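# Fold and contact review
Okay, here's what each chain looks like letter by letter:
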Amino acid sequence: MFKLSDSGLAAVKSELARYEAKESAIIPSLYIAQKENNGFITPDIIRHLSQVMDIPEARINEVFKFYTMFNQKPVGKYHVQVCTNISCALEGGREMASHICHELGVKYNEVTADGRFTVSKVECLGSCGTAPMMQVNDTYHEKLTPETAMNLLRGMK
Amino acid sequence: MSEVKVLTEFYHLPEYQTLAGYKAKGGYETLHKAFKMQPQAIIDEVKASGLRGRGGAGFPTGMKWGFLPKNGEPRYLLCNADEGEPGTFKDRMMMERAPHQLIEGMIISAFAIGSNKGYIYVRGEYVFPIECLNKAIKEAYAAGLLGKNILGSGFDFDLDVYRGAGAYICGEETGMISSLEGLKGQPKLKPPFPAVQGYLRKPTIVNNVETLAAVTYIIKDGAQTYRKHGTEKSAGTKLFSLSGNVMTPGNFEVPLGYPLMDLIMKEGGGMKPGRKLKAVIPGGSSAPVLTAEEVAKANLDYESLAGLGTMLGSGAVIVIDDSQCMVDMLGVLTHFYAHESCGQCTPCREGTGWLNKVLHSILEGRGRLQDIDLLIKVADNMKGKTICALSDAAALPVLSFVTKFRDEFEFYVREGRSKVKGTTYAEMHH
């Protein structure tokens, strides 16, 4: 049964106090909970947030399911998101994504056997002038080639 | 180089991100000037400047402010920093390099419209820009530039950053308001427009990052000085995000009316060795594509691009060279819009999915010649029939790609492979 840590609980309560409508705190609270649960959200978490926030589970659940930045299943320690939208596609983003999967021996959205990496294809990340690019957790890596991308990932422990 | 750096003059200075660095270049001096003006005089100046919203829709900013009710009801100022339109990366640069420029623009705008509370809604992936903004907001509060009785003016303004969570549709102003209210980011039917009934059903103005930053320069130098740049109907400078198959992509600030070909060849350094210009998407992925011949005639202003059947949009110029397969590229776009439809309106939810399926059946070698006309028919039936413009945004690239590069689509259907690359979709990408 998931429970927020003391600091996580305090952060959610702080978000609740911040907005005129407490529902505005749903997205920030999902971020807090996702971080505490190694990068993904479970039904347990929705239930717990519902109790803490006094907002119906269904209300939180519909927000959780709508936005792509909340993960519905486990991800690796490093979530590698490769942009494959138009500007990156023109500069080889899709080929780079395939190369990374091949080198790591996984399909898209799978976790590597050692639990380190998940590779996802994502839509435009606003890094079009420095294509191709990938986001690893919160950090952008730009102007990559398949080789430089793999070198970066190999250096992540 | 023909850049005219009005907004971006000091972007090369790392210290410009800080309050001290921003002030050293005259930052927040315009705020003092604004507080000596009547709010209506600021609105009038913005109207006189001809500033149009830089997020994509291009609606006149001063006119939008003028739609607010005069009854003194509490109102909100929301900065749209969702920047999800593929090809667009200008607001990110502004937030990273000049966060105080945005904050000053927001305080002046809030004073003009009588708002005491603002939010900057930033797309969730922009973690670093959010950090830059939060740091700058903290500095501004500590210096008495935000909060109660700013600079002794008697005006209160609180500002907060709200992190989105990955949904293109939250760039649409009512979708953004829904998201900020803790709902799915689904757009709302208009009217009522946000200026009358927006965030928490209160009057709300939603402006783009670049628009709000420009307000400071209009008040600083006056509308007429601002109008010296650009054309009569498209006044001022604009940041263009140049990407795709060019030598030196990046953000460039040029006067509106600047030749599109010059942006590509001069600022962008031209095409890569041995490659020819084939097409350009001039205003973000939803703008109808232009052929190379049309690019030669296009100027970067609202009217010129409208005259060519396309739009300035967010100012994202995506360059496509002759090595690219247009069927493949349209496949990227149809997938994007099918992924991002919020699902609220049937023509969009079903239409985007249908376009994507038909297009990918062609790419996978299962297409029929009648599918080309089916794409046109479906896209035609999606236009103007939904709550927001996402449906149109999905339809317009399809119509323009298929119409202007029909030979590539017909070849693909007949041969089951790309006319340009000579290979199948599977060979291209696996």
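Residues numbered from 1 in each chain as written. Chains lettered and ligands numbered in written order. Predicted model: local features only at pLDDT ≥ 70, side-chain atom pairs only at ≥ 80, totals over all residues. Heavy atoms only, no water.

An unreviewed UniProt entry lists chain B under the name NADH-quinone oxidoreductase subunit F, with Bdellovibrio bacteriovorus given as the organism. You can read under Sequence similarities (unreviewed entry) in the UniProt record for chain B the words "Belongs to the complex I 51 kDa subunit family." (UniProt positions renumbered as here; feature names shortened; annotations may be inferred.)

Where an unreviewed UniProt entry is consulted, chain A appears under the name NADH-quinone oxidoreductase subunit E, with the organism given as Bdellovibrio bacteriovorus. Quoted verbatim from the Sequence similarities (unreviewed entry) heading of the UniProt record, the comment on chain A is "Belongs to the complex I 24 kDa subunit family."

## Section: the overall build of chain B
Helix and strand content of chain B: 19 helices and 11 strands. Relative to the 2.2 N^0.38 estimate, which gives 22 Å for 430 residues, the radius of gyration of chain B is 22 Å and therefore close to what a compact globule would have. The principal-axis extents of the C-alpha atoms in chain B amount to approximately 75 × 45 × 35 Å. Taken across its 430 residues, chain B has 62% of its residues classed as buried. Across chain B, every contact between residues at least 6 apart in sequence was considered, and the portion connecting residues at least 24 apart equals 70%. Accessible area for chain B stands at about 15500 Å²; split by element, carbon and sulfur atoms hold 53% of it. Across chain B, the mean location of the 49 positive side-chain charges is 2 Å away from that of the 47 negative side-chain charges. (Helix = DSSP H or I, 4+ residues; strand = E, 2+ residues; numbered from the N terminus. Rg over C-alpha atoms; globule rule 2.2 N^0.38 Å. Buried < 20%, exposed > 50% of the residue type's maximum accessible area, 1.4 Å probe, protein only. Contact = heavy atoms within 4.5 Å. Areas by Shrake-Rupley, 256 points an atom, 1.4 Å probe, with all protein chains shown as cover. Lys, Arg positive; Asp, Glu negative; His and termini not counted. Charge placed at Lys NZ, Arg CZ, Asp CG, Glu CD.)

## Focus: the pattern of salt bridges
According to the stated counting rule, one finds 35 salt bridges over all chains in the structure shown. Measuring nitrogen to oxygen at the nearest pair gives 2.7 Å for the salt bridge that ties B:Asp322 to B:Arg275. With a gap of 47 residues between them, B:Asp322 in the loop between strand S11 (316-321) and helix H14 (326-340) and B:Arg275 in the loop between helix H11 (260-267) and strand S8 (277-281) connect regions that are remote in the sequence. In this structure B:Asp322 comes out as partly exposed when scored by relative accessible area, which is 28%. Of the charged contacts, one joins B:Glu350 and B:Arg349 as a salt bridge, the two residues approaching to 3.1 Å between their closest N and O atoms. We classify B:Glu350 as partly exposed; its relative accessible area is 45%. It is possible to trace a salt-bridge network through shared partners that takes in A:Glu15, A:Arg18, B:Lys117 and B:Asp160. (Salt bridge = Lys/Arg side-chain N within 4 Å of Asp/Glu carboxyl O.)

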